Amino acid sequence: KAGVTQTPRYLIKTRGQQVTLSCSPISGHRSVSWYQQTPGQGLQFLFEYFSETQRNKGNFPGRFSGRQFSNSRSEMNVSTLELGDSALYLCASWSQIETQYFGPGTRLLVL
Amino acid sequence: GEDVEQSLFLSVREGDSSVINCTYTDSSSTYLYWYKQEPGAGLQLLTYIFSNMDMKQDQRLTVLLNKKDKHLSLRIADTQTGDSAIYFCAERLTGGFKTIFGAGTRLFVKA
């Protein structure tokens, strides 16, 4: 099976812009989680989706939003970008036995 | 509270065993995981253990869980230079649809 795919892999934006990141889970996986990874804060949980419903959300401002589509693909959006949003954004999909598989990530740089 | 703690660095010689330790605070975890991250890559699931187990062995990897002390360890036998990476401990919270990660332990393997 193909792994989790994330697009784009790299992105450069300027402050105030918005960005949309995409994640395609492993075929058959219905749940997707998103994380932000930075050197200072480590891996921080953003959201988790299952069958198009958000099951949980981390402690991030409302500028961070996400959604999941009927084919289990997910997107996350960050509006009004700040310098501190520069990070590696990781998506993971869940198997039925509660194991989580990560994609390669999208590296976002905000200038 | 929700917290997972790991030591930041570990250095071993090639061929020795490595033991990476982790403590967690939430007693309602269901699964505990070990992930490996190499530079520029996403997280690779190494192994996991269900919270009612004490030990799990998978080739060179041995996971020990002490639920009373909320302590998890990962032993890598016959450590190789290719094992140099950051290792993350994580716990899956019961019913919370959330996974908490430690800050990661950077393993250096000296030839």
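All values reported here derive from a predicted model rather than from experimental measurement.

## Comments concerning the interface of chain B and chain A
The partner chain A presents 19 residues to the 17 residues of chain B that form the contact. Here chain B packs against chain A, burying approximately 1,600 Å² in sum over the two surfaces, 54% of which is carbon and sulfur. At the junction of chain B and chain A, the tally comes to two salt bridges. A salt bridge links arginine 92 of chain B to glutamate 98 of chain A, with the nearest nitrogen and oxygen atoms 3.0 Å apart. Where chain B touches chain A, the interface holds five residue pairs in polar contact (both at pLDDT 80 or more). Residue assignment for the side of chain B that touches chain A shows that the elements contributing at least two residues are β4 (29-37), β5 (43-50), β9 (85-93) and β10 (99-101) of chain B. No other element matches the four residues that β4 of chain B contributes to the side of chain B that touches chain A.

## Section: the pattern of salt bridges
Evaluation of the coordinates by the stated rule reveals nine salt bridges over all chains. In this structure, arginine 63 of chain A engages glutamate 82 of chain A in a salt bridge whose closest nitrogen and oxygen atoms are separated by 3.6 Å. A residue pair is termed long-range when its members are at least 10 positions apart, and arginine 63 of chain A in the loop between β6 (53-57) and β7 (64-68) and glutamate 82 of chain A in the loop between β8 (74-78) and β9 (87-94) qualify at 19 residues. The buried category is assigned to arginine 63 of chain A, whose relative accessible area is 16%. Using a relative accessible area of 42% as the deciding quantity, one classes glutamate 82 of chain A as partly exposed. Across the pair arginine 67 of chain A and glutamate 75 of chain A runs a salt bridge, and its minimum N-O distance is 3.4 Å. Judged by its relative accessible area of 46%, arginine 67 of chain A is partly exposed. Residue class for glutamate 75 of chain A comes out buried when judged on its relative accessible area of 16%. Put simply, Glu48, Arg55 and Glu98 of chain A together with Arg92 of chain B are held in one network by salt bridges that share partners.

Reading the values: rules and limits
Residues numbered from 1 in each chain as written. Chains lettered and ligands numbered in written order. Predicted model: local features only at pLDDT ≥ 70, side-chain atom pairs only at ≥ 80, totals over all residues. Heavy atoms only, no water. Contact = heavy atoms within 4.5 Å. Buried area = accessible area lost by both parts, 1.4 Å probe. Salt bridge = Lys/Arg side-chain N within 4 Å of Asp/Glu carboxyl O. Polar contact = N/O pair within 3.5 Å; in protein donor to acceptor, adjacent residues only side chain to side chain. Helix = DSSP H or I, 4+ residues; strand = E, 2+ residues; numbered from the N terminus. Buried < 20%, exposed > 50% of the residue type's maximum accessible area, 1.4 Å probe, protein only.

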